[in-house]
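Tertiary structure, described
Letter by letter, the chains look like this.
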Amino acid sequence: MRERFAPYMDLAARTAEKQWGTTRPNPTVGAVVLDADGNVVATGATEPAGGRHAEIVALDAAGDRARGGSIIVTLEPCNHTGRTGPCASRILEEGLATVVYAVGDPNPVASGGAERLAAGGIEVHADVGMTADGRGADVLVGPLGSWYHLARTGLPQVTWKYAASLDGRSAAADGTSQWITGTEARAHTLARRSLHDAIVVGSGTALADDPALTARDAQGRLLERQPLRCVMGESEVPSGARVRGDDGRFLPLRTRDPLTAIRSIASAAGPGTESILLEGGPRLAGAFVQAGMVNRIEAYIAPALLGAGTSALVGAGVDTIEQTHRFTIEAIEMIGSDLFAVLTPRLRGPIEQREG
């Protein structure tokens, strides 16, 4: 079953990426409709809040070709009425024979779609795309992941992004760091800032590098969606610092505690805040890793050696090999000449244990 629907689930996940970061507070879902002969006839992704859900977009595009066919969705179809009606009802109305979804809806208000569909005579396949230990596969590496994390834990997902040499250095011995990675990787990371609700650096990084922390396209133009810019630490950020900007989207975090910082960001950014990007420096990253607050890593690794200099991570609370923080590589690709990897914790972290 997994092998049969895997290509279509992958297509659904890639379709959802087109709306990544635009649908909050709704999850960013992708859907694929097959006709009765198993041919792809339509795809769909969730529209911005108030718009159609992925299933409805795909079914509208499929029309009569959906009858007797299948729909493959990255998230269990909803069974509640909010700004739009239940997707489960529309699927039943269209006369589909099969529904396949990757992960169940953890929101008790919206869940129950699978049961309703099964009761209506539709063949339902759940958790297609899940790994043996119950974690989400590719669908939770992409745009659905941060929403899913928020729904399960009540806290935004924290992604630590860093760039380093092969020997784990983020700067040379004299402190220079521009540039370790190539132009393609730098453009890639600047654009991906727009996928997050907030971006955080330590006060040391803010003072030393004077970063703007803005999301930009490959031509350096500001993107429409900009994250809340946060500086964490007890040092004052100068009035002329670029991170302050002039749009009111700057937040100083006068704390050294990661959990306090996360909650402050969620409060300032508002309901539905689901994704925080942690950019630097190494001691800030170490504090979050040690606290178990890094839920995802995006690593840009340059094919270069420095031999000395600043480590990408400092103070993660590891004194012996048994204390190693281990991660699973979820995705890997080449961005120009650099390696880009996405990793998630191998074991449940303190957030889930503490927050339920």
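Residues numbered from 1 in each chain as written. Predicted model: local features only at pLDDT ≥ 70, side-chain atom pairs only at ≥ 80, totals over all residues. Heavy atoms only, no water.

Per an unreviewed UniProt entry, the chain is named Riboflavin biosynthesis protein RibD, and its organism is Dietzia timorensis. UniProt lists a comment for the chain under the heading Function (unreviewed entry), and it reads "Converts 2,5-diamino-6-(ribosylamino)-4(3h)-pyrimidinone 5'-phosphate into 5-amino-6-(ribosylamino)-2,4(1h,3h)-pyrimidinedione 5'-phosphate." (UniProt positions renumbered as here; feature names shortened; annotations may be inferred.)

1. Some remarks on the overall build of the chain
When its secondary structure is counted, the chain shows 11 helices and 15 strands. Here the C-alpha atoms of the chain give a radius of gyration of 21 Å, agreeing with the 21 Å that 2.2 N^0.38 yields for 356 residues. Each of the three principal axes of the chain carries a C-alpha extent, and together these read 65 × 45 × 40 Å. Classification of the 356 residues of the chain by burial places 50% in the buried group. For the chain, contacts bridging at least 24 residues in sequence account for 71% of all contacts bridging at least 6. A total accessible area of about 16200 Å² is found for the chain, and carbon and sulfur atoms account for 50% of it. Computed over 34 positive and 41 negative side-chain charges, the separation of the two mean positions in the chain equals 4 Å. (Helix = DSSP H or I, 4+ residues; strand = E, 2+ residues; numbered from the N terminus. Rg over C-alpha atoms; globule rule 2.2 N^0.38 Å. Buried < 20%, exposed > 50% of the residue type's maximum accessible area, 1.4 Å probe, protein only. Contact = heavy atoms within 4.5 Å. Areas by Shrake-Rupley, 256 points an atom, 1.4 Å probe, with all protein chains shown as cover. Lys, Arg positive; Asp, Glu negative; His and termini not counted. Charge placed at Lys NZ, Arg CZ, Asp CG, Glu CD.)

2. Here we look at the packing of aromatic side chains
Under the criterion given, the structure shown has 2 aromatic pairs. Arranged with centres 4.4 Å apart and planes meeting at 25°, the rings of W160 and Y162 form a pair that is stacked. Since its relative accessible area comes to 5%, W160 is described here as buried. Each ring, one from Y300 and one from F340, has its centre 4.7 Å from the other, and the planes form 40°; the classification is tilted. Linking Y300 in strand β12 (residues 296-301) with F340 in strand β15 (residues 338-345), this pair joins segments that are 40 residues apart in sequence. Each of the two residues, Y300 as well as F340, counts as buried. (Phe/Tyr/Trp six-rings, centres within 6.5 Å; stacked < 30°, edge-to-face > 60°.)

3. Overview of the pattern of salt bridges
According to the stated counting rule, one finds 18 salt bridges in the structure shown. The partner of E47 in a salt bridge is R52, and the shortest N-O contact between them spans 2.7 Å. For E47, a relative accessible area of 21% puts it in the partly exposed group. Linking R254 and E236 is a salt bridge whose minimum nitrogen-to-oxygen distance equals 2.2 Å. Linking R254 in the loop between β10 (250-253) and α9 (258-269) with E236 in the loop between β9 (228-232) and β10, this pair joins segments that are 18 residues apart in sequence. (Salt bridge = Lys/Arg side-chain N within 4 Å of Asp/Glu carboxyl O.)

4. Considering the side chain of T15
Locating T15 in the fold gives a position in helix α1 (residues 2-16). For T15, the side chain forms a polar contact with the main-chain oxygen of L11, separated by 2.8 Å. Once residues within four sequence positions are removed from consideration, T15 is found in contact with T43, G44 and A45. (Polar contact = N/O pair within 3.5 Å; in protein donor to acceptor, adjacent residues only side chain to side chain.)

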